[in-house]
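# Inside the fold
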Amino acid sequence: VGDGARALDAAESVFGQLEYTVKKREETKIKLKFDGKIFTNEPAKMKHSVTMEVVDRALRFTFTTGLIASHWRDSDVEWAKSRAQKVIDAVQ
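Presented here is a report on the structure given in the accompanying data block. Predicted model, so just to flag it, every value in this text is computed and none were measured. (Residues numbered from 1 in each chain as written. Predicted model: local features only at pLDDT ≥ 70, side-chain atom pairs only at ≥ 80, totals over all residues. Heavy atoms only, no water.)

With that settled, the discussion passes to the overall build of the protein chain. Of regular secondary structure, the protein chain possesses 2 helices and 4 strands. When its helices and strands are written in sequence order, the protein chain yields α-β-β-β-β-α. Taking 12 Å as the expected radius of gyration for a compact globule of 92 residues, we find that the protein chain reaches 13 Å, a close match to that expectation. With respect to the principal axes defined by its C-alpha atoms, the protein chain has extents near 40 × 25 × 25 Å. Within the span of the protein chain, comprising 92 residues, buried residues form 30% of the whole. Partitioning the contacts of the protein chain with sequence separation of at least 6, the portion at a separation of at least 24 is 36%. Put simply, the protein chain shows about 6000 Å² of open surface, and 48% of that area lies on carbon and sulfur atoms. In the protein chain, 16 positive and 14 negative side-chain charges are present, and the distance between their average locations comes to 4 Å. (Helix = DSSP H or I, 4+ residues; strand = E, 2+ residues; numbered from the N terminus. Rg over C-alpha atoms; globule rule 2.2 N^0.38 Å. Buried < 20%, exposed > 50% of the residue type's maximum accessible area, 1.4 Å probe, protein only. Contact = heavy atoms within 4.5 Å. Areas by Shrake-Rupley, 256 points an atom, 1.4 Å probe, with all protein chains shown as cover. Lys, Arg positive; Asp, Glu negative; His and termini not counted. Charge placed at Lys NZ, Arg CZ, Asp CG, Glu CD.)

What follows is the structure, encoded as structure tokens:
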């Protein structure tokens, strides 16, 4: 990633189109939330947040439900990766 600010702008735009709202934005980090359901088996409908950081010219995505006992299956991880890939594609 050459331009961290551009990457954060892309994240805000892409995730905004997916109905996320910005919780906090800093110089090298953005945290967004998705107001979904607390109890569901579908990650696209689950309440969660995502943080994207620009670290050493790379992007780090962290998805979390905020629930201690939550468990992400392989399919959930693939879903999260597909959302992150949309941001990466927008930056490129």
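So that's the structure; there's more coming.
This paragraph deals with the environment of Leu-32. Summarising the element assignment, Leu-32 is placed in strand 2 (residues 29-34). Spatially, the C-alpha atoms of Leu-32 and Phe-15 are 7.8 Å apart, while their sequence positions differ by 17 residues. Among residues more than four places away in sequence, those in contact with Leu-32 are Glu-12, Phe-15, Tyr-20, Thr-21, Val-22, Lys-23, Ser-49 and Val-50.

Spanning 18 residues, helix 2 (residues 74-91) covers 26 Å between terminal C-alpha atoms, matching the ideal 26 Å at 1.5 Å per step. All buried positions along helix 2 are accounted for by Asp-76, Trp-79, Ala-80, Arg-83, Ala-84, Val-87 and Val-91. Taken end-on, helix 2 shows its buried residues confined to a sector of 145°, consistent with a single buried face. Along its buried surface, helix 2 packs onto helix 1 (4-17), strand 3 (48-55) and strand 4 (58-64). (Expected span 1.5 Å × (residues − 1). Arc of directions from axis to C-beta.)

Turning to the pairing of strand 2, a few remarks are in order. Only one face of strand 2 is covered, namely the one carrying Ile-30, Leu-32 and Phe-34; the face carrying Lys-29, Lys-31 and Lys-33 has none of its residues buried. Bridge count for strand 1 (residues 21-25) against strand 2 is 4 bridges, and the pairing is antiparallel. Residue pairing for strand 2: Arg-25 is matched across the bridge by Ile-30. Both strand 2 and strand 3 contribute to a ladder of 6 bridges, which runs antiparallel. Each residue of the ladder has a partner; that of Lys-31, found in strand 3, is Thr-51. (Pairing = 2+ DSSP bridges.)

What the rule picks out here adds up to 4 aromatic pairs. Judged by centre distance (6.4 Å) and plane angle (65°), the ring pair of Phe-15 and Phe-63 falls under edge-to-face. With Phe-15 in helix 1 and Phe-63 in strand 4, this residue pair connects regions lying 48 residues apart in the sequence. Phe-63 shares its class with Phe-15; the two are buried. (Phe/Tyr/Trp six-rings, centres within 6.5 Å; stacked < 30°, edge-to-face > 60°.)

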